[in-house]
Amino acid sequence: MNRLELTFELARREHGRGIETMRRLSAIDLTERLGGGHWSGFSRLQSIRERIDCADPGILRRMTLFVACEGTEPVGSVAVSTFPPGFWKRSYWQDPKAAALGVFNLVVLPSQQRRGIGSFLMAGVEELAMDRGFEFIRLDAYSHNPTSTAFYRAIRYEERRTIEVRTVGLVLFEKRIR
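So, a few notes on the structure that sits alongside this text. (Residues numbered from 1 in each chain as written. Predicted model: local features only at pLDDT ≥ 70, side-chain atom pairs only at ≥ 80, totals over all residues. Heavy atoms only, no water.)

Further remarks concern the packing of aromatic side chains. Any aromatic ring pair is given by two values, namely how distant the centres are and how the planes are angled relative to each other. One pass over the structure, following the stated rule, counts 7 aromatic pairs. Seen from their ring centres, F8 and F66 are 5.1 Å apart, and the 5° between their planes marks the pair as stacked. Taken together, the residues span a long stretch of sequence, with F8 in strand β1 (residues 6-10) and F66 in strand β2 (residues 64-70) at a distance of 58 residues. Using a relative accessible area of 26% as the deciding quantity, one classes F8 as partly exposed. With relative accessibility at 7%, the residue F66 sits in the buried group. With a centroid separation of 5.2 Å and an interplanar angle of 70°, the aromatic rings of W88 and W93 are classed as edge-to-face. Assessed through its relative accessible area of 6%, W93 is described here as buried. Three or more aromatic residues joined by ring pairs form one cluster here, namely F151, Y152, Y157 and F173. (Phe/Tyr/Trp six-rings, centres within 6.5 Å; stacked < 30°, edge-to-face > 60°. Helix = DSSP H or I, 4+ residues; strand = E, 2+ residues; numbered from the N terminus. Buried < 20%, exposed > 50% of the residue type's maximum accessible area, 1.4 Å probe, protein only.)

What the 7 strands build is an open sheet, ordered β1-β2-β3-β4-β5-β7-β6; its pairing is mixed. Each end of this open sheet is capped by a strand with a single partner; those strands are β1 and β6 (158-165). Each strand axis lies, on average, 25° off the axis of its neighbour in the sheet, ignoring direction. Summarising the sheet, strand β3 (residues 73-81) and strand β4 (residues 100-108) pair through 5 bridges and their orientation is antiparallel. Among the inter-strand pairings, G76 is bridged to a residue of β4, identified as V108. Contacts between helix α1 (residues 16-34) and the sheet are confined to β2, β3 and β4, with β3 contributing the most and set at about 85° to the helix. (Pairing = 2+ DSSP bridges. Axes fitted to C-alpha atoms, helices over the stretch in contact; angles between N-to-C directions. Contact = heavy atoms within 4.5 Å.)

What follows deals with unusual backbone geometry. The phi torsion at L60 lies on the positive side, around 60°, for a residue other than glycine. As for its placement among the helices and strands, L60 is situated in the loop between α2 (45-53) and β2. One non-glycine residue with positive phi stands out, namely N105, at about 55°. For N105, the location among the structural elements is in strand β4.

Position of T64 relative to the elements: it lies in strand β2. Within the structure, T64 has its side chain in polar contact with the backbone oxygen of R62 (distance 3.0 Å). Setting aside residues up to four positions removed in sequence, T64 forms contacts with L10, A55, D56, P57, V78, A79 and V80. (Polar contact = N/O pair within 3.5 Å; in protein donor to acceptor, adjacent residues only side chain to side chain.)

The complete set of buried residues in α2 reads L45, I48 and I52. Buried residues along α2 cover an arc of 65° about the axis, so they all sit on one side. The elements touched by buried residues of α2 are α1 and β2. (Arc of directions from axis to C-beta.)

In this structure, the largest pocket encloses a volume near 1500 Å³. Lining the largest pocket we find 47 residues, and of these L30, N105, L106, V107 and Y142 sit closest to its centre. Contributing elements (two or more residues each) for the lining of the largest pocket: α1, α2, β4, α3 (117-131), β5 (136-142), α4 (146-154) and β7 (168-176). If you tally residues by element for the lining of the largest pocket, the top one is α1, at 7 residues. Each residue belonging to the lining of the largest pocket can be placed in one class, and the counts come to 23 nonpolar, 14 polar and 10 charged. The space that makes up the second largest pocket amounts to roughly 230 Å³. Together, 16 residues line the second largest pocket, and T82, P84, A98, A100 and R138 are the ones closest to its centre. Considering every element that reaches the lining of the second largest pocket, the biggest residue donor is β4, with 4 residues. (1 Å grid on protein atoms, 1.4 Å probe; cavity = no way out; pocket = protein on both sides within 12 Å on 5 of 7 lines; lining within 4 Å. Points joined across faces, edges and corners; volume = space filled by probe spheres on them. Nonpolar A, V, L, I, M, F, W, Y, C, P; charged D, E, K, R; others polar.)

Here you go:
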């Protein structure tokens, strides 16, 4: 494995095209490996840039994008928010009332996967969450994607349960960081 020289940064407008490319190539890769599914859709550049413009890195209430950059090029991205999706019922979690940061849309360029970029992004999220006083990080992963579920288990996220949302199976993961 090549030594990585990565930075964890708040996404800026100039990262939008790179994030869109990562998401598109990942959707194609997942569809080729797993068949068509919820992961097969593409993100629009305009939507990504709007999300970047509306970020609130101070309180993280709105979905806020971060990137892993190798040099100036984004090679991975992740979104975080303290506002959970409606299908994440409080009772699903170890300590339902604890302050938690949600993780969404973790993506790494398919050509750059298995180099530690996903782990680097999640370490950045964990540090961000610890700095902000959150007790847990929570996320979901497609139950039909064995690569992502194995990844979260490998970085010590605990599986809480599997749910179905509009025919899409999701595995809920959580990690105590405090």
